[in-house]
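Listed below, chain by chain, are the residues.
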Amino acid sequence: MSIRKKPLVVVTRKLPDSIETRMRELFDAQLNLDDAPMSAEQLAQATRSAEILVPTVTDLVTGELLNAPDCKLRMIANFGNGVDNIDVAAAHGRGITVTNTPKVLTEDTADMTMALILAVPRRLIEGASVLTEGKSWPGWSPTWMLGHRIGGKRLGIIGMGRIGQAVARRARAFGLQIHYHNRRPVAPVIADELGATYWESLDQMLARMDIISVNCPHTPATFHLLSARRLKLIRKDAYIVNTARGEVIDEETMTKLIEAGEIGGAGLDVFEHEPAVNPKLVRLAKQGKVTLLPHMGSATIEGRVEMGEKVIINIRTFLDNHKPPDRVLLSML
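Residues numbered from 1 in each chain as written. Predicted model: local features only at pLDDT ≥ 70, side-chain atom pairs only at ≥ 80, totals over all residues. Heavy atoms only, no water.

Re the overall build of the protein chain
Looking only at helices and strands, the protein chain features 13 helices and 12 strands. For the protein chain, whose C-alpha radius of gyration is 22 Å, the value lies close to the compact-globule estimate of 20 Å for 333 residues. Expressed along its principal axes, the backbone C-alpha trace of the protein chain runs to roughly 80 × 50 × 35 Å. Looking at the 333 residues of the protein chain, the share that counts as buried comes to 48%. Carbon and sulfur atoms make up 54% of the accessible area of the protein chain, which amounts to about 16800 Å² in all. Each charge class in the protein chain was averaged separately, 41 positive and 38 negative side chains, and the resulting centres sit 3 Å apart. (Helix = DSSP H or I, 4+ residues; strand = E, 2+ residues; numbered from the N terminus. Rg over C-alpha atoms; globule rule 2.2 N^0.38 Å. Buried < 20%, exposed > 50% of the residue type's maximum accessible area, 1.4 Å probe, protein only. Areas by Shrake-Rupley, 256 points an atom, 1.4 Å probe, with all protein chains shown as cover. Lys, Arg positive; Asp, Glu negative; His and termini not counted. Charge placed at Lys NZ, Arg CZ, Asp CG, Glu CD.)

Some points on the sheet that holds strand S5 (residues 97-99)
Taken in spatial order, the five strands make up an open sheet running S2-S1-S3-S4-S5, and their pairing is parallel. Each edge of the open sheet carries a strand with a single partner, namely strand S2 (28-30) and S5. For this sheet the average axis-to-axis angle between neighbouring strands, irrespective of direction, equals 15°. The sheet contact formed by strand S1 (residues 8-11) and strand S3 (residues 52-54) spans three bridges and is parallel. (Pairing = 2+ DSSP bridges. Axes fitted to C-alpha atoms, helices over the stretch in contact; angles between N-to-C directions.)

Details of the pairing of strand S9 (residues 211-214)
The alternating pattern of S9 places Ile-211 and Ser-213 on one face and Ile-212 and Val-214 on the opposite face, and all of these are buried. Across four bridges, strand S6 (residues 154-158) lies against S9 in parallel orientation. Looking at the pairing, Gly-156 lines up with Ile-212 of S9.

Quick word on the packing of aromatic side chains
Taken as a whole and assessed by the stated rule, the structure comprises one aromatic pair. Seen from their ring centres, Tyr-180 and Tyr-198 are 5.2 Å apart, and the 45° between their planes marks the pair as tilted. In this pair, Tyr-180 is assigned in strand S7 (residues 177-181) and Tyr-198 in strand S8 (residues 197-198), connecting sequence segments 18 residues apart. (Phe/Tyr/Trp six-rings, centres within 6.5 Å; stacked < 30°, edge-to-face > 60°.)

Describing the packing of helix H11 (residues 251-259) against helix H12 (residues 279-286)
Contact pair H11 / H12: the axes reach a minimum separation of 10 Å and the direction vectors enclose 35°. H11 and H12 meet at a crossing whose hand is left-handed. Side by side, H11 and H12 meet where Glu-251, Glu-252, Met-254, Thr-255, Lys-256, Ile-258 and Glu-259 of the first sit next to Lys-280, Leu-281, Arg-283 and Leu-284 of the second. When its residues are assigned to classes, the contact of H11 with H12 shows four nonpolar, one polar and six charged. (Left-handed = near helix turned anticlockwise from the far one by under 90°. Contact = heavy atoms within 4.5 Å. Nonpolar A, V, L, I, M, F, W, Y, C, P; charged D, E, K, R; others polar.)

A short note on the pairing of S7
Strand residues, when the strand is regular, have side chains that alternate between the two faces of the sheet. Counting buried positions along S7 gives four out of five residues, so the element sits mostly inside the fold. By the bridge criterion, five bridges tie S6 to S7 in an arrangement that is parallel. Within S7, the residue paired with Arg-154 across the bridge is Gln-177. Handedness of the β-α-β unit built from S6, helix H7 (residues 162-173) and S7 comes out right-handed. (Right-handed = clockwise from strand over helix to strand, strands pointing away.)

Side note on the sheet that holds strand S12 (residues 290-292)
Reading across the sheet, the seven strands line up as S8-S7-S6-S9-S10-S11-S12 and stay open at both edges, with parallel pairing between neighbours. Here the strands that pair on one side only, and so sit at the sheet edges, are S8 and S12. Pairing between strand S11 (residues 265-268) and S12: three bridges, direction parallel. Following the sheet pairing, Gly-267 is matched in S12 by Thr-291. Along the sheet, H12 contacts S11 and S12; its crossing angle with S12, the most-contacted strand, is approximately 115°.

Focus on the nonpolar core
If you look at the biggest cluster of nonpolar residues, it comprises 28 residues, and the most contacted ones within it are Ile-158, Val-214, Leu-231, Ile-234, Ile-240 and Met-254. For this core, the secondary structure elements donating two or more residues are helix H9 (202-206), S9, H11, S11 and H12. Discounting chain neighbours no more than four positions away, the residues touching Val-214 are Ile-158, Leu-226, Val-241, Asn-242, Thr-243, Ala-244, Val-248 and Ile-249. Of all hydrophobic cores here, the second largest spans 23 residues; its members include Met-114, Ala-171, Ile-178 and Leu-194. (Core = buried A, V, L, I, M, F, W, Y, C linked by side-chain atoms within 4.5 Å.)

Overview of helix H1 (residues 17-26)
Those residues of H1 that sit buried are Ile-19, Glu-20, Met-23 and Leu-26. Taken end-on, H1 shows its buried residues confined to a sector of 130°, consistent with a single buried face. Away from the buried face of H1 by more than 90 degrees, exposed residues Asp-17 and Arg-24 are located. (Arc of directions from axis to C-beta.)

Right, here's the structure in full:
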């Protein structure tokens, strides 16, 4: 009896040890042990040799790669919820199945969003740096390092999906008033639970909020959703928090408005041109006007392991000639 050959699965970045071990058991897995991002040529070589590619947000799987005559891929099992790094239309045109890892990082990302909502108005990073960077601290003073109270402020959430709702639950516990803009209103039972006010007009909501939280995915429709025009609607004492995707905000205009005192500040976990960070933002961070984090919103051990488990389930289901549970369809984008 012949032994079925294991399919070649190329994993573009280092994953948790338990996930890599399981992949080696199940598949002919080619791992990235040094965790360096693949070059364009290395990624192209992977599409020419592997049946299944496991990319991450750092890997641009373009239509050019997928439409190459020597592309052997049958499946792209993305290690991540967003698929803006993949030309899904081109993949479907070649009959390549695309999957992602949804419903895993909701709580982790919402936790980080809430951390930034607290950190920016209360100047947490700026205050901590006084003790860790050798600055002089003369002791407590009634007027030193004053921030702004959180309770009672209006929070405007852009994108009321799973993460947006999880942010709203946390924020309500801190006494924030919940407002949101979405393609459509959430179910009445959810709106009642969250005490959330729906704004059909994003422009009108932006002009009235104290804190704005970006929690929508990056799609062609949301690229620079917070455009130069919309950013100028935001109040001078308001803050922007973004744990979604950097491309949703016109980062250059936002930076200029914060520099000019036209926006109060920002808490950013994502950037428009990652991994590059605008030097002007770094300068603003040193001045205490923004809080910057290196894309840590989903960075928990538990979350990464769950993502890997979903990738494995999707691949095994596909190889068993069934529809993977987390298929990405064009109608979903």
